There are 2 protein chains.
Amino acid sequence: MAKKASVRDVRRSNRALLLRRLVLAGETSRSDLGAATGLSAATVTNVVAELIDEGTVNETGFLNSAGGRRRVLLHVDPDAAYVFGSDVSESQVTTCLFGLTLTRLASRATRFTGRRIDPARVGEIVAGQVAELLAEAAVDPARVLGLGLGVPGVVEHPATPDAVVHADVIGWDTAGFGWLEAALGIPVLVDNGAKTTTQAESWYGSARGAEHAIVALIGDGAGAGIITNGRLYRGASSGAGEWGHTKISLTGPACRCGSFGCVESIVGASAVLRSWRGADEFAGREPLGVEALLDAYRNGDSAAVRALDEATQHLGLALANLVNLYNPEKIIVGGWFGDLIARDRPEELRAAVRRFSLKQPGEQAVVERSQLGMDAVTLGAATLPVDRFIETGLIPSTA
Amino acid sequence: MAKKASVRDVRRSNRALLLRRLVLAGETSRSDLGAATGLSAATVTNVVAELIDEGTVNETGFLNSAGGRRRVLLHVDPDAAYVFGSDVSESQVTTCLFGLTLTRLASRATRFTGRRIDPARVGEIVAGQVAELLAEAAVDPARVLGLGLGVPGVVEHPATPDAVVHADVIGWDTAGFGWLEAALGIPVLVDNGAKTTTQAESWYGSARGAEHAIVALIGDGAGAGIITNGRLYRGASSGAGEWGHTKISLTGPACRCGSFGCVESIVGASAVLRSWRGADEFAGREPLGVEALLDAYRNGDSAAVRALDEATQHLGLALANLVNLYNPEKIIVGGWFGDLIARDRPEELRAAVRRFSLKQPGEQAVVERSQLGMDAVTLGAATLPVDRFIETGLIPSTA
DNA sequence: CATATATATTTTGGACTATAAACTAATGTC
DNA sequence: GACATTAGTTTATAGTCCAAAATATATATG
């Protein structure tokens, strides 16, 4: 149901509209803001004055005029607030410190020795990294907006600090990070890593400006994020968009999620390698295996050609299901394995998507390569607290 | 992107909130409205006064009190406006006249002799039915909000009068109904039949009150509608939610859409009958065939048991994909064949959905039978103009 | 039956909003 | 230097919700 609205909501919404544009555009002027948002010049003046008073925005010079008063340059003060973004993967935890404009200021990575790391240990590592980065950058903790955490697995209610994380794949059942928030003294927002990457692509990557887009990430596994009406789609309790474990085969191979026929178990790198060699020859060193596969493919090895052709067709089919269900303007293909397919066989992939989707949505969907690299997870995670700041306007110290 | 907001939007949004509740609740009071929406008593008084002035709402008596001033009964005047809803199927066109409260006042149905009816002919039939119903009910055409049209196939931009309809299945390529709007002199809103049914289930059926729900309709074919944040999900250009033609098999049987492995071609009634008998024995009279199948099943016929078991599993898998992607609170299963499965084998279906979906979203999704019958298409179609009236507040004569 | 109590609704006054229109500021052109 | 042009600010106004006070109308109770 829609919620009741009041005049205050109007201001919050328009302030968010302007601040979002200020953050994303980097540098603008009041008249640009008015033209871009449709708000009257008076309102722009009013809201911008508020943002300048707060210290969020600065006037930093003038734009040359071609007849008429010069426009005053506005930009978000990168030191007005700071934010952390963490990428928790199966073998490594990376945390970066960003300014309010989401420029990366510093970074820390910690690799694991064994597998099956538990949530508490991850929390400790992140807390340590945050402390180190704070010291290194000499940042006032009171100016930190929060920490965004991109994790593998399904995350319920990422807006709440004590989000419940289900990640059977790496052995977490239901882990919460509320204690981490208490320990760090800053807000912690948790979300699925594919979703944070999607957020990054939506703010700064190939999905920029798209109202309806899909970001499909294929590595060893497969995940996706869905942008709907310009925003990340999360469903009833945020566990939406779990494309990697939708089924595209009634009989297919077993998946590590316990089921079978999942997209991940058919188009993921290890699955494709297995179908090429018929055995788990490259277990644990899939990137090497994929290099070998691509070499063989380029040399015309018939098994390699068949394996890659099939992988492309199956990926196209799995993406076509998303096209039929979400009718996106754009599909961004990424992840280390997905990126290779999108780079080396873009036309085959496009054709496969069109082939398996309905005519109308299929023709409307543009398939593109991801623009952001592996850093997208931390960047996207960092957008979570920034997004909340933009929407609610909570000043760090009062958050 | 979010749009700019102004104080007027606040009123429009709150007015819509109250009017929607008035339409759906049937009968309420000002204090109920305040409690339900969170709006202050003053605002409720204010907005309700406006609605009464307009003639949309009436005061119709009092509610007995148990100490304190009596509540004044409010309800939407069913004769304040009228609306038509049409169901265009492959063999029949049905149009009903409704009051503003969506009570069915009169109805007309026209069957086709041959197959492949063209859009122009459908428009003519609908126009004739509308004229007859107007005369029969002696309704002032100026008080008609519009006509909602539920059609098979993909509909682009159903909000615009000249929506483009793609319905390969019944031989329409791109048909528009803008001319019908001109001919009738009332707004025409077109949408896919599964989507209008979903809207009906959301307003008056099993999905009532659910913020995130899926309505899956399985007859001879299969279609679905998706409710997200309390509203029907339509994607970039409305062609979203085409579940019936998502693929769940890499090799599966050919589908009438030209592809293969589609949900529709695996769990649709004719597909199941074919898998039971191994041939198209019941083509054109599938309902009879399904009766025979159910009889055989109850008598323990092993082929029938296997066919129905498989159909239930496959339907569960196809629904599980939606569960993973949309994380709904509820799944409503309907359509004449889907309803039989949901009626006769509810537990098997629930188990199959859980089995093929991820743990967290799978446990949250409740599987239920549809409550509305075949009339849901016309009812849902009629909600389209009513919904627009609620949101925009356009009076019929000025629309 | 007078009074107290309870609930529903309306009236009043205040706090906020956006915006149109008038106004000020600063630049380039002729 | 007069004028046109563009940017931004100030002012006046209309519209919004809401808290609080006022009013209306019930039941309960001695």
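Everything numeric in this text was worked out from a predicted model, so none of it was measured. (Residues numbered from 1 in each chain as written. Chains lettered and ligands numbered in written order. Predicted model: local features only at pLDDT ≥ 70, side-chain atom pairs only at ≥ 80, totals over all residues. Heavy atoms only, no water.)

**Student:** Please provide a residue-by-residue account of the overall build of chain A, values included.
**Tutor:** A count of helical and extended segments in chain A gives 14 helices and 15 strands. In terms of C-alpha radius of gyration, chain A reaches 22 Å, essentially the compact-globule figure of 21 Å for 399 residues. In terms of overall dimensions, chain A has C-alpha extents of about 65 × 50 × 45 Å along its principal axes. The buried share of chain A, taken over its 399 residues, is 55%. Relative to all contacts within chain A whose residues are 6 or more apart in sequence, the contacts with residues 24 or more apart total 62%. (Helix = DSSP H or I, 4+ residues; strand = E, 2+ residues; numbered from the N terminus. Rg over C-alpha atoms; globule rule 2.2 N^0.38 Å. Buried < 20%, exposed > 50% of the residue type's maximum accessible area, 1.4 Å probe, protein only. Contact = heavy atoms within 4.5 Å.)

**Student:** Requested: an account of the protein's contact with DNA strand D, with residues and values cited.
**Tutor:** Residues in contact with DNA strand D amount to 30 residues; listed here are only the nearest, A:Thr45, A:Arg69, A:Val72, B:Arg11 and B:Arg70. Contact between DNA strand D and A:Gly68: a base oxygen at 3.4 Å from a main-chain N or O atom of the residue. In this structure, a phosphate oxygen belonging to DNA strand D sits 3.2 Å away from a side-chain N or O atom of B:Thr43. Taken together, the elements giving at least two residues each to the surface near DNA strand D come down to α2 (30-37), α3 (41-54) and β2 (71-76) of chain A together with α1 (7-25) and α3 (41-54) of chain B. Take the surface near DNA strand D: its biggest share by element is 5 residues, from α1(B). Classifying every residue of the surface near DNA strand D gives 10 nonpolar, 11 polar and 9 charged. (Near = heavy atom within 4 Å. Polar contact = N/O pair within 3.5 Å; in protein donor to acceptor, adjacent residues only side chain to side chain. Nonpolar A, V, L, I, M, F, W, Y, C, P; charged D, E, K, R; others polar.)

**Student:** Describe in detail the protein's contact with DNA strand C, supporting the description with residues and values.
**Tutor:** By nearness alone, 30 residues border DNA strand C, and A:Arg11, A:Arg70, B:Ser31, B:Thr45 and B:Val72 come closest of all. Sugar and phosphate atoms form 74% of the subset of DNA strand C atoms that lie within 4 Å of the protein. Between a phosphate oxygen of DNA strand C and a side-chain N or O atom of B:Arg30, the distance comes to 3.1 Å. Between DNA strand C and the protein, one listed contact pairs a sugar or linking oxygen with a backbone N or O atom of B:Gly67 at 3.4 Å. Among the elements that line the surface near DNA strand C, the one with the most residues is helix α1 (residues 7-25) of chain A, at 5 residues. The class makeup of the residues in the surface near DNA strand C is 10 nonpolar, 11 polar and 9 charged.

**Student:** Would you mind going over the relation of the copies chain A and chain B in detail, with residue names and values included?
**Tutor:** Relative to chain B, chain A is turned by 180° and slid 0.0 Å along the rotation axis, the superposed coordinates differing by an RMSD of 0.1 Å. Accordingly, the operation relating the two chain copies is best matched by a two-fold axis. A shared interface surface links the copies, since 100% of the contact residues of chain A are contact residues in chain B too. (Least-squares fit on C-alpha atoms with pLDDT ≥ 70 in both.)

**Student:** Help me get a handle on the sheet that holds strand β10 (residues 188-192) of chain A, residues and values and all.
**Tutor:** Adjacent strands of a sheet form backbone hydrogen bonds with each other and so pair up, either parallel or antiparallel. Residue and element names in this part refer to chain A. Read across the sheet, 5 strands follow the order β5-β4-β3-β6-β10 without closing on themselves; strand pairing throughout is mixed. Only two strands of the sheet have a single partner each, and these edge strands are β5 (104-111) and β10. Geometrically, the sheet is characterised by an average inter-axis angle of 15° between neighbouring strands, direction not taken into account. Contacts from helix α4 (residues 119-137) reach β3 (82-88), β4 (92-99), β5 and β6 (144-151), with the element oriented near 35° to β4. Packed onto the sheet, helix α14 (residues 376-392) meets β3, β4, β5, β6 and β10 and runs at close to 140° relative to β3. (Pairing = 2+ DSSP bridges. Axes fitted to C-alpha atoms, helices over the stretch in contact; angles between N-to-C directions.)

**Student:** Mind laying out the pattern of salt bridges, listing which residues take part and the relevant values?
**Tutor:** In this structure the tally under the stated criterion is 52 salt bridges over all chains. In this structure, a network of salt bridges that share partners links the residues A:Arg11, A:Arg15, A:Glu50 and A:Glu54. (Salt bridge = Lys/Arg side-chain N within 4 Å of Asp/Glu carboxyl O.)

**Student:** Describe the packing of aromatic side chains, listing the residues and the values that go with them.
**Tutor:** The full count for this structure, using the stated rule, is 13 aromatic pairs over all chains. Judged by centre distance (6.3 Å) and plane angle (55°), the rings of B:Trp203 and B:Tyr204 are tilted. With a relative accessible area of 6%, B:Trp203 lands in the buried category. Of the aromatic side chains, those joined through ring pairs into one cluster are A:Tyr233, A:Tyr326, B:Tyr233 and B:Tyr326. Above the ring of B:Phe62, the side-chain terminus of B:Arg70 is found at 3.8 Å from the ring centroid. Stacked on the ring of B:Trp276, the Lys or Arg B:Arg277 has its end atom at 4.2 Å from the ring centre. (Phe/Tyr/Trp six-rings, centres within 6.5 Å; stacked < 30°, edge-to-face > 60°. Lys NZ or Arg CZ within 6 Å of the ring centre and 35° of its normal.)

**Student:** Give a description of the sheet that holds strand β14 (residues 330-334) of chain A that names residues and reports values.
**Tutor:** Residues and elements named next belong to chain A. The strand order across the open sheet formed by 5 strands is β13-β12-β11-β14-β15, and the pairing between neighbours is mixed. At either end of the open sheet lies a strand with only one pairing partner, and these are β13 (231-232) and β15 (366-369). Relative to strand β12 (residues 222-228), strand β11 (residues 213-218) is paired through 6 bridges, and the arrangement is antiparallel. Of the residues in β12, the one forming a bridge with Val215 is Gly225. Of the strands in this sheet, β11, β12, β13 and β14 touch helix α6 (residues 193-204), which is tilted by about 45° from β12.

**Student:** I'd like a rundown of the interface of chain A and chain B, residues and numbers included.
**Tutor:** At the interface, 63 residues of chain A touch 63 residues of chain B. For the pair chain A and chain B, the summed buried area comes to about 4900 Å², and 59% of that belongs to carbon and sulfur atoms. For the interface between chain A and chain B, the tally reads 0 salt bridges. Taken together, the connections running from chain A to chain B amount to 33 residue pairs in polar contact (both at pLDDT 80 or more). Mapped onto the side of chain A that touches chain B, the elements with two or more residues apiece are α1, β7 (154-156), α10 (302-326), α12 (346-356) and α13 (359-364) of chain A. Tallied by class, residues from the side of chain A that touches chain B come to 26 nonpolar, 25 polar and 12 charged. (Buried area = accessible area lost by both parts, 1.4 Å probe.)

**Student:** Requested: an account of the domain arrangement of chain A, with residues and values cited.
**Tutor:** Residue and element names in this part refer to chain A. Its domain assignment divides chain A into domain 1 (7-76), domain 2 (82-196 + 376-398) and domain 3 (208-369). The centre of domain 1, based on its C-alpha atoms, is set 30 Å off from the matching centre of domain 2. Contact residues are listed per partner, giving 9 residues for domain 1 and 9 residues for domain 2. Around 860 Å² of area is buried between domain 1 and domain 2 when both sides are counted, 63% of it from carbon and sulfur atoms. It is Arg20, Val23 and Val76 in domain 1 that bury the most area against domain 2; as a group they hold 46% of the surface buried on that side. Residue Arg20 pairs with Glu391 through a salt bridge whose shortest N-O separation is 2.5 Å. Between the two partners, domain 1 and domain 2, sit 2 residue pairs in polar contact (both at pLDDT 80 or more). Across the side of domain 1 that touches domain 2, the residue classes tally to 4 nonpolar, 1 polar and 4 charged. (Domains from an automatic or database assignment.)

**Student:** Mind laying out the packing of α2(A) against α3(A), listing which residues take part and the relevant values?
**Tutor:** In a packed pair of helices, the relevant descriptors are the angle between the two axes and the axis-to-axis distance. Residues and elements named next belong to chain A. Axis separation between α2 and α3 bottoms out at 10 Å; the angle between their running directions is 120°. Regarding the angle of α2 to α3, the classification is oblique. The two elements α2 and α3 cross, and the hand of that crossing is right-handed. Across the interface between the two elements, Arg30, Leu33 and Gly34 of α2 pack against Val44, Thr45, Val48 and Ile52 of α3. For the contact of α2 with α3, the per-class residue count stands at 4 nonpolar, 2 polar and 1 charged. (Parallel < 35°, antiparallel > 145°, perpendicular 65-115°, else oblique. Left-handed = near helix turned anticlockwise from the far one by under 90°.)

**Student:** Summarise the packing of helix α9 (residues 286-298) of chain A against α10(A); cite the residues concerned and give the values.
**Tutor:** All names here are of chain A. Between α9 and α10, the shortest axis-to-axis distance is 7 Å and the interhelical angle comes to 115°. Here α9 is positioned roughly perpendicular relative to α10, judged by the angle of their axes. Regarding α9 and α10, the two cross each other, and that crossing is left-handed. In this structure, α9 uses Leu293, Leu294, Ala296 and Tyr297 to contact α10, whose residues at the interface are Ala304, Val305, Ala307 and Leu308. Class assignment of the residues belonging to the contact of α9 with α10 gives a composition of 8 nonpolar, no polar and no charged.

**Student:** Which residues make up the nonpolar core, and what are the values?
**Tutor:** A general trend in soluble globular proteins is that nonpolar side chains are found buried together. Counting 96 residues, the largest nonpolar core has A:Trp243, A:Leu319, A:Tyr326, B:Trp243, B:Leu319 and B:Tyr326 as the members making the most contacts within it. Among residues more than four places away in sequence, those in contact with B:Tyr326 are A:Tyr233, A:Gly235, A:Ala236, A:Ala240, A:Leu325, A:Tyr326, B:Ile214, B:Ile226 and B:Tyr233. (Core = buried A, V, L, I, M, F, W, Y, C linked by side-chain atoms within 4.5 Å.)

**Student:** Describe in detail the environment of B:Met374, supporting the description with residues and values.
**Tutor:** All names here are of chain B. With respect to the helices, strands and loops of the structure, Met374 is situated in the loop between β15 (366-369) and α14 (376-392). Relative accessible area serves as the criterion here: at 59%, Met374 is assigned to the exposed category. Expressed as a C-alpha distance, the spacing of Met374 and Ala236, which sit 138 residues apart in the sequence, is 29 Å.

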